[in-house]
Amino acid sequence: MYLGIDLGTSGAKSVLMDEAGTIRRSASASLAVQRPHEGWSEQEPTSWTEAVETTFAALAAEDPDAMAAVRGIGLSGQQHGATLLDAEDRALRPCLLWNDTRAQDEADRLDTPRARELAGSIIFPGFTSPKTAWVATHEPERYARLAKVLLPKDYVRLWLTGEYASDLSDASGTGWLDVAARDWSDELLAASGLSREQMPRLVEGSEVSGTLRPELARRHGLSEGVVVAGGAGDNAAAACGMGTVVDGSASLSLGTSGVLFASNDAFRPNAESAVHAFCHALPGTWHQMGVILAATDTLNWLAGITGRTPAELTAPLEGSVPEPTEVLFLPYLGGERTPINDGGARGAFAGLGHASDVTTLTRAVLQGVAFAFRDNRDALAAAGTTLERAAAVGGGSRSGYWLQLLADVLEFPLDVSAGGDVGASLGAARLGLIAAEGADPVAVCTAPAVERSVEPSRSAGDAWERLHERYRATYAALREVREGAR
């Protein structure tokens, strides 16, 4: 048996996978995000280990024999979080999360042509390096005690093993990695006033990073000596779960954030299009991805202000054919990455009328996220990658209406597998298997059987094209108004 842990933004999930690659058990625990100021997004690191331990306890209670048979553990996690530790491994402050945009000024300073060349990406305000620089500027007393910087899943690894380590896919999102060389860049670290001594050691995602601490093993009925794999950032882990590991394969993740992900056999950067070019979780592989900061998060936001659940909002639409709506929604609730690189962007509705009801707003929100994905598609094309189809993964992929809308707007098919909702945790478990058994990574990280394919419909004609152009023009006009008001 193999254990996969996925540390997300809204919760932690652990799954037990057998030798055949089938998920046998799963357990989840929720997490809360604190937003003390506009543009801030934080979590307490101890809440992550508490959540993971809750899932361990649930799995051990449900299937103690399976837990006792675990040989390898893999980790997946939300990327970019700045988890700052002192010399006693205590968090100096709450972690600044991936969707925290307060560090725009620091990102502007660190985002040099040389930094983009090495990091394979624009240095966005959500990356680890500008957020660490923000703490240095605004909280110098805390920063003075900084001993280590870890990513969220690597804080969980420290709790599991006592080891400071990170994998290359997750480290690619810090702004400190030489992505082509698959190593820390002394040049990028120096630009932040940091050194290798403050970084975790680097391992490939399928390599052993350490072994489970005996006291944790005893507490949850695991054997001693269980190995913990390097693991991966959540998007690369989901790609391992969906079989998106060979050149040309692609996936669309419709989770809290949105990601259009393409696997590559070489480092192919094009930072000018705001595409990330990162290391993949497997040795000798890379990937490109376009990222939107709020995907299902936009629907959660609408649910919160209407007093309904996301499922209640989308229920009236399920089973119907997606039709364009003239009411536009910009999903930039906390800034945006690809392709606009604008931490100050904010969401907006345009075209509301007396007849606009909750269902109208829901349709507009789903359409706005689809248009953001279309921007990602175009950015990947500018970076040299044209997608012909993609595997759909993430909680939003359970909505048939939303998937059809996305296929129509993106103009390529989306494949749905039975395991799509556990892609990242499944990928983590697969990495745990590879590390424990020395298995062939490509042979393990195969694509699951396709349950159904959603083909694009041409029934709307050129309406999607016209509305997408209006969507882009609306953002440009609002940005001009925002900047003119400064």
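Residues numbered from 1 in each chain as written. Predicted model: local features only at pLDDT ≥ 70, side-chain atom pairs only at ≥ 80, totals over all residues. Heavy atoms only, no water.

*Asks:* Looking at this structure, how should I read the overall build of the chain?
*Replies:* A count of helices and strands for the chain gives 18 helices and 24 strands. When its C-alpha atoms are laid out on the principal axes, the chain stretches across 65 × 50 × 45 Å. Residue burial in the chain is summarised as follows: out of 486 residues, 61% are buried. Treating the 41 positive side-chain charges of the chain as one cloud and the 63 negative ones as another, the clouds have centres 2 Å apart. (Helix = DSSP H or I, 4+ residues; strand = E, 2+ residues; numbered from the N terminus. Buried < 20%, exposed > 50% of the residue type's maximum accessible area, 1.4 Å probe, protein only. Lys, Arg positive; Asp, Glu negative; His and termini not counted. Charge placed at Lys NZ, Arg CZ, Asp CG, Glu CD.)

*Asks:* Even after reading the chapter, I still don't get the pattern of salt bridges, so can you show me in this structure?
*Replies:* One side chain can pair with another of opposite charge once the charged atoms of both are near each other. Within the structure shown, the criterion is met by 40 salt bridges. A salt bridge links arginine 93 to glutamate 139; the shortest N-O distance between them is 2.6 Å. Pair noted here: arginine 93 is in the loop between strand S6 (83-85) and strand S7 (95-96) and glutamate 139 is in the loop between helix H5 (128-138) and helix H6 (140-143), with a separation of 46 residues, a long-range link. Glutamate 139 shares its class with arginine 93; the two are buried. (Salt bridge = Lys/Arg side-chain N within 4 Å of Asp/Glu carboxyl O.)

*Asks:* Just to check I follow, could you spell out the side chain of arginine 93 for this structure?
*Replies:* Its relative accessible area of 6% is what places arginine 93 among the buried residues. A distance of 3.1 Å separates the side chain of arginine 93 from the side chain of glutamate 42, its partner in a polar contact. (Polar contact = N/O pair within 3.5 Å; in protein donor to acceptor, adjacent residues only side chain to side chain.)

*Asks:* Honestly, the sheet that holds strand S16 (residues 250-254) in this entry has me stumped. Any pointers?
*Replies:* Within a sheet, neighbouring strands are paired by backbone hydrogen bonds and run either parallel or antiparallel to one another. Taken together, seven strands build an open sheet; the order of strands is S18-S19-S17-S16-S22-S23-S24 and the sheet is mixed. The open sheet has two free edges, formed respectively by strand S18 (276-279) and strand S24 (450-454), since each of these has just one partner strand. Across the sheet, the mean angle separating the axes of adjacent strands is 30° when strand polarity is ignored. Pairing of strand S22 (residues 390-393) with strand S23 (residues 414-417) involves three bridges; the strand directions are parallel. Bridge pairing in S23 places alanine 390 opposite leucine 414. Relative to the sheet, helix H15 (residues 400-410) contacts S16, S22, S23 and S24, its axis offset from that of S24 by approximately 55°. (Pairing = 2+ DSSP bridges. Axes fitted to C-alpha atoms, helices over the stretch in contact; angles between N-to-C directions. Contact = heavy atoms within 4.5 Å.)

*Asks:* How should I be thinking about helix H12 (residues 296-306) in this particular structure?
*Replies:* Within an α-helix, residues lying three or four positions from one another point in the same direction, as the helix has 3.6 residues per turn. What H12 keeps buried is the set Thr296, Thr298, Leu299, Leu302 and Ala303. All buried residues of H12 lie within an arc of 155° about the axis, which places them on one face of the element. Exposed and facing more than 90 degrees away from the buried side of H12 are Gly304 and Ile305. On the buried face of H12, the contacting elements are S16, helix H13 (310-314), strand S20 (328-330), helix H14 (358-382) and H15. (Arc of directions from axis to C-beta.)

*Asks:* Before we go on, may I ask you to explain the packing of aromatic side chains in this structure?
*Replies:* Counting across every chain of the model gives 12 aromatic pairs. Ring geometry for tyrosine 332 against tyrosine 475: centres 5.6 Å apart, planes inclined by 80°, an arrangement best described as edge-to-face. One end of the pair, tyrosine 332, is in the loop between S20 and strand S21 (348-350); the other, tyrosine 475, is in helix H18 (residues 463-484), and 143 residues separate them in sequence. Given the relative accessible area of 2%, tyrosine 332 is considered buried. By way of ring pairs, the aromatic residues Tyr332, Phe371, Trp464, Tyr471 and Tyr475 are connected into one cluster. Across the ring face of tryptophan 40, the terminal group of arginine 102 is positioned such that the distance to the ring centre comes to 3.5 Å. We note arginine 182 situated over the ring of tryptophan 286; from NZ or CZ to the ring centre the distance is 4.8 Å. (Phe/Tyr/Trp six-rings, centres within 6.5 Å; stacked < 30°, edge-to-face > 60°. Lys NZ or Arg CZ within 6 Å of the ring centre and 35° of its normal.)

*Asks:* Sorry if this is basic, but what is going on with the environment of valine 365 here?
*Replies:* Note that valine 365 resides in helix H14. The sequence separation of valine 365 and threonine 128 amounts to 237 residues, and the corresponding C-alpha distance is 29 Å. Beyond its immediate chain neighbours, meaning those up to four positions away, valine 365 contacts Thr298, Leu299, Leu302, Phe329 and Phe349.

*Asks:* How do you make sense of the environment of alanine 418 when you look at a structure like this?
*Replies:* Mapped onto the elements of the fold, alanine 418 is located in the loop between S23 and helix H16 (423-437). Residue alanine 418 is classed as exposed on the basis of its relative accessible area, which comes to 62%. A sequence separation of 32 residues divides alanine 418 from valine 450, and the C-alpha atoms of the two residues are 7.3 Å apart. Here alanine 418 is in contact with Ala449 and Glu451, once residues within four sequence places are set aside.

*Asks:* Help me understand the packing of H14 against H18, please; the structure alone is not making it clear to me.
*Replies:* Two measures define how a pair of helices packs: the angle their axes make with one another and the distance between the axes. Packing of H14 against H18 leaves a shortest axis separation of 10 Å and a crossing angle of 90°. The orientation of H14 relative to H18 falls into the category roughly perpendicular. On H18, the residues touching Gln367, Gly368, Phe371, Ala372, Arg374, Asp375 and Asp378 of H14 are Trp464, Glu465, Leu467, His468, Tyr471 and Arg472. Residues of the contact of H14 with H18, tallied by class, amount to five nonpolar, three polar and five charged. (Parallel < 35°, antiparallel > 145°, perpendicular 65-115°, else oblique. Nonpolar A, V, L, I, M, F, W, Y, C, P; charged D, E, K, R; others polar.)

*Asks:* What is the right way to look at the nonpolar core in this model?
*Replies:* As a rule of thumb, nonpolar side chains are buried together in soluble globular proteins. In terms of nonpolar packing, the biggest core is built from 54 residues, with Leu252, Leu254, Phe373, Trp402, Leu405, Leu406 and Leu414 touching the most fellow members. Here this core takes 11 residues from H14, the largest share from any one element. Every residue in contact with tryptophan 402, bar those within four places of it in the chain, is listed here: Leu254, Ala295, Thr296, Leu299, Leu366, Val369 and Gly396. Formed by 40 residues, the second largest nonpolar core is a distinct cluster that contains Leu84, Phe124, Leu177 and Phe278. (Core = buried A, V, L, I, M, F, W, Y, C linked by side-chain atoms within 4.5 Å.)

*Asks:* It is not clear to me how the pairing of strand S5 (residues 72-77) should be interpreted in this structure. Could you clarify?
*Replies:* Every other side chain in a regular strand lies on the same face of the sheet, so the side chains alternate between the two faces. Of all six residues in S5, six are buried, a share of seventy percent or more. The pairing of strand S1 (residues 2-7) with S5 spans six bridges and is parallel. What sits directly across from isoleucine 5, in S5, is leucine 75. Both S5 and strand S14 (residues 227-229) contribute to a ladder of two bridges, which runs parallel. Of the residues in S14, the one forming a bridge with isoleucine 73 is valine 228.

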